[in-house]
Amino acid sequence: MNDTGLNARPAPWLGVIADDVTGATDLAGYVARSGSTTIQFFGVPNARTAIPADVDCVIVALKSRSTPPEEAVADSLAAHDWLASIGVERIYVKYCSTFDSTDRGNIGPVLDALAERTGEREVIVCPSAPENGRTVYQGKLFVWGQTLDESPLREHPVNPMRDADLRRLLVAQSRESVGLVPWQVVAGGGTAVAEALATEASAGRRHVVVDALDDADLDSIAEVALTHRLATGSAGLAAAMARKVGLARSGPAPFVVPSGDAVVLSGSCSAATRRQVELFRAQNPSFELDPIRLAEGSQFVDDAVSFVEASPAGSAPLVYSTADPEQVAHAQDVLGVQRAASIVEDALGEVASRLRASGRRHFVIAGGETSGAVVHALGVDSIVIGPEIAPGVPLTVSAGDHPVALVLKSGNFGGERFFTEALGRLRDLTPTPAPMGGTPS
Ligand SMILES: Nc1ncnc2c1ncn2[C@@H]1O[C@H](COP(=O)(O)OP(=O)(O)O)[C@@H](O)[C@H]1O
Ligand SMILES: O=C(O)[C@@H](O)C(=O)COP(=O)(O)O
């Protein structure tokens, strides 16, 4: 109670700073699964942004995964300060479960800055996400049993990951020393983890990689993370924290999908998305965007928009730049890595905004950077999180007037038939229009 005798509005129990859009939605889906009402903003909201009542988890999705460290630090501190201004006392930094960062990696500088700003002495570093095959053992990151550097992530177009040793990766980026809590300790439970973290901190190792092989390990780590002002990792540890918190308040907010036609937009070149595109293309209208042809002016956004609009009514066409590593390398040789990426991102963003203007309302998007570009082009500021389609990929609807339904898929996630599954879920959740003169369903 406050001094007016009324219940003060409780602050969200978790504030999240995520380094990309699909990373944020990945975490959002897991947290919402345990009953926390979750809202995700794109970029740092301004001081006038209203937070709906009874929100349990507020996420700020940045686009900082590949930006220079100074920029990532400034954006992350701004996100922290805004979260603090709405009363959040526990911050979670969400990076990729495959620890994606460039050569001038910015995860270290962001953790250094947030450790200082929050005053946290023991910074848990735990990218483990067992449901999506990411585990950490003796400080090494595994992806479905392969070490990170031997997994398909070694061929990522922008952040190729060629080392699996998290301590080595972080030491190269951070001004802090980096410790380890090995699995043998984690298996001993939360108290053992807390003691080991304290030992590492008193030896001067402020950032501490913590092993986790499964959800039971994450539950032990979550016990400790919930006593900290700052914790960091992928969606896995945040999900374990949400499980411990349980149904925070009133349960998930009502979730209404607007009606309209769908389009699938894919800019991810991950192994998982390449397979999803290949299977979907075989049975649905599809249009390939080629960065070299776009750059030289022999292909235009108009071509893709016209193609989608000429596709059979009710179909969900695919527009994609998804390509295999040789094709990507060729485009990068000709255009440069960043230019190839931005040509594709700009084109997919423009395709999306033109299709929205002509009435399309369902957008299924593959790729983190790609999703960021599309959401920006659509002018979406925030989304409400709905049910999950696959681990780490929830259905979402934009907040405010004229909503659109968005499925923002991390490149690596989803089964082989993901696009068909997502479109089916969208159809199932869209209210059927009432017959003329009838009562709406
Ligand atoms: N054909 C292509 N050639 C070069 N770069 C591409 C091509 N298609 C997509 N890209 C770029 O590759 C990057 C893929 O990253 P992203 O969208 O985050 O996918 P993921 O989630 O798989 O990492 C984007 O920046 C995108 O613009
Ligand atoms: O943690 C994860 O693996 C994802 O949430 C994620 O961040 C993936 O990144 P993208 O593949 O760039 O979408």
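Definitions and limits used
- Residues numbered from 1 in each chain as written.
- Chains lettered and ligands numbered in written order.
- Predicted model: local features only at pLDDT ≥ 70, side-chain atom pairs only at ≥ 80, totals over all residues.
- Heavy atoms only, no water.
- Pairing = 2+ DSSP bridges.
- Helix = DSSP H or I, 4+ residues; strand = E, 2+ residues; numbered from the N terminus.
- Buried < 20%, exposed > 50% of the residue type's maximum accessible area, 1.4 Å probe, protein only.
- Contact = heavy atoms within 4.5 Å.
- Polar contact = N/O pair within 3.5 Å; in protein donor to acceptor, adjacent residues only side chain to side chain.
- UniProt positions renumbered as here; feature names shortened; annotations may be inferred.
- Core = buried A, V, L, I, M, F, W, Y, C linked by side-chain atoms within 4.5 Å.
- Domains from an automatic or database assignment.
- Near = heavy atom within 4 Å.
- Areas by Shrake-Rupley, 256 points an atom, 1.4 Å probe, with all protein chains shown as cover.
- Nonpolar A, V, L, I, M, F, W, Y, C, P; charged D, E, K, R; others polar.
- Buried area = accessible area lost by both parts, 1.4 Å probe.
- Salt bridge = Lys/Arg side-chain N within 4 Å of Asp/Glu carboxyl O.

1. Here's the deal with the sheet that holds strand 7 (residues 140–143)
Pairing is antiparallel in the open sheet, where three strands are placed in the order 6-7-8. Of all the strands in the sheet, the pair left with one neighbour each is strand 6 (134–137) and strand 8 (146–147). Direction of pairing for strand 7 relative to strand 8: antiparallel, over a ladder of two bridges. Each bridged residue has a counterpart across the sheet, and for Val143 the counterpart in strand 8 is Gln146.

2. Things to note about helix 7 (residues 215–225)
Taken as a whole, helix 7 has its buried residues at Asp217, Leu218, Ser220, Ile221, Ala222, Val224 and Ala225. Packed against the buried residues of helix 7 are strand 5 (123–126), helix 5 (183–186), helix 6 (190–202), strand 10 (207–210), strand 11 (230–233) and helix 8 (235–245). Structurally, the start of helix 7 carries an N-cap: the backbone nitrogen of Ala216 is 3.2 Å from a side-chain oxygen of Asp214.

3. Details of the UniProt feature "domain: Four-carbon acid sugar kinase nucleotide binding" (unreviewed entry) in the chain
Within the UniProt annotation, "domain: Four-carbon acid sugar kinase nucleotide binding" (unreviewed entry) is assigned to residues 263–419. The span residues 263–419 carries 46% helix and 22% strand; its end-to-end C-alpha distance comes to 10 Å.

4. Here's the deal with the nonpolar core
Formed by 72 residues in total, the largest nonpolar core has its most connected members in Leu237, Phe363 and Leu406. Here this core gets eight residues from one element, more than from any other, and that element is helix 13 (residues 337–357). Looking at which domains feed residues into this core, each of domain 1 (14–245) and domain 2 (262–428) gives three or more. Beyond its immediate sequence surroundings of up to four residues, Leu237 is in contact with Tyr92, Ile124, Cys126, Ser128, Leu218, Ile221, Ala222, Ala225 and Thr232.

5. Describing the site of ligand 1
The immediate surroundings of ligand 1 are formed by 20 residues, with His156, Ser268, Glu345, Glu369 and Thr370 found nearest. The contact in question runs from an oxygen atom of ligand 1 to an N or O atom on the side chain of Glu345, over 2.5 Å. Note that an oxygen atom of ligand 1 is positioned 2.9 Å from one of the backbone N or O atoms of Gly411. For ligand 1, the accessible surface in isolation is 570 Å², of which the surrounding protein chains cover 95%. No other element matches helix 13, which puts four residues into the shell around ligand 1. Per-class residue counts for the shell around ligand 1 are nine nonpolar, nine polar and two charged.

6. Observations regarding the domain arrangement of the chain
You can read the domains of the chain as domain 1 (14–245) and domain 2 (262–428). Listed as interface residues are 26 residues of domain 1 and, on the opposing side, 31 residues of domain 2. Taking both partners together, domain 1 and domain 2 bury about 2200 Å²; carbon and sulfur atoms supply 63% of that area. Taken together, domain 1 and domain 2 are joined by three salt bridges. Two residues, Glu345 and Lys63, come together in a salt bridge whose shortest N-O distance is 3.5 Å. Viewed at the interface, domain 2 and domain 1 are joined by six residue pairs in polar contact (both at pLDDT 80 or more). Secondary structure elements with two or more residues in the side of domain 1 that touches domain 2: helix 1 (21–33) and strand 2 (38–42). Take the side of domain 1 that touches domain 2: its biggest share by element is nine residues, from helix 1. In the side of domain 1 that touches domain 2, the residues fall into eleven nonpolar, seven polar and eight charged.

7. Observations regarding the site of ligand 2
Close to ligand 2 lie 14 residues; Thr22, Asp26, Arg65, Lys94 and Ser97 are nearest. In the environment of ligand 2, an oxygen atom lies 2.5 Å from a nitrogen or oxygen atom belonging to the side chain of Ser97. Contact between ligand 2 and Gly368: an oxygen atom at 3.3 Å from a main-chain N or O atom of the residue. Bound to the protein, ligand 2 loses 96% of the 350 Å² it would expose on its own. Among the elements that line the shell around ligand 2, the one with the most residues is helix 1, at three residues. Within the shell around ligand 2, the residues separate by chemical class into three nonpolar, seven polar and four charged. No fewer than three residues from each of domain 1 (14–245) and domain 2 (262–428) sit in the shell around ligand 2.

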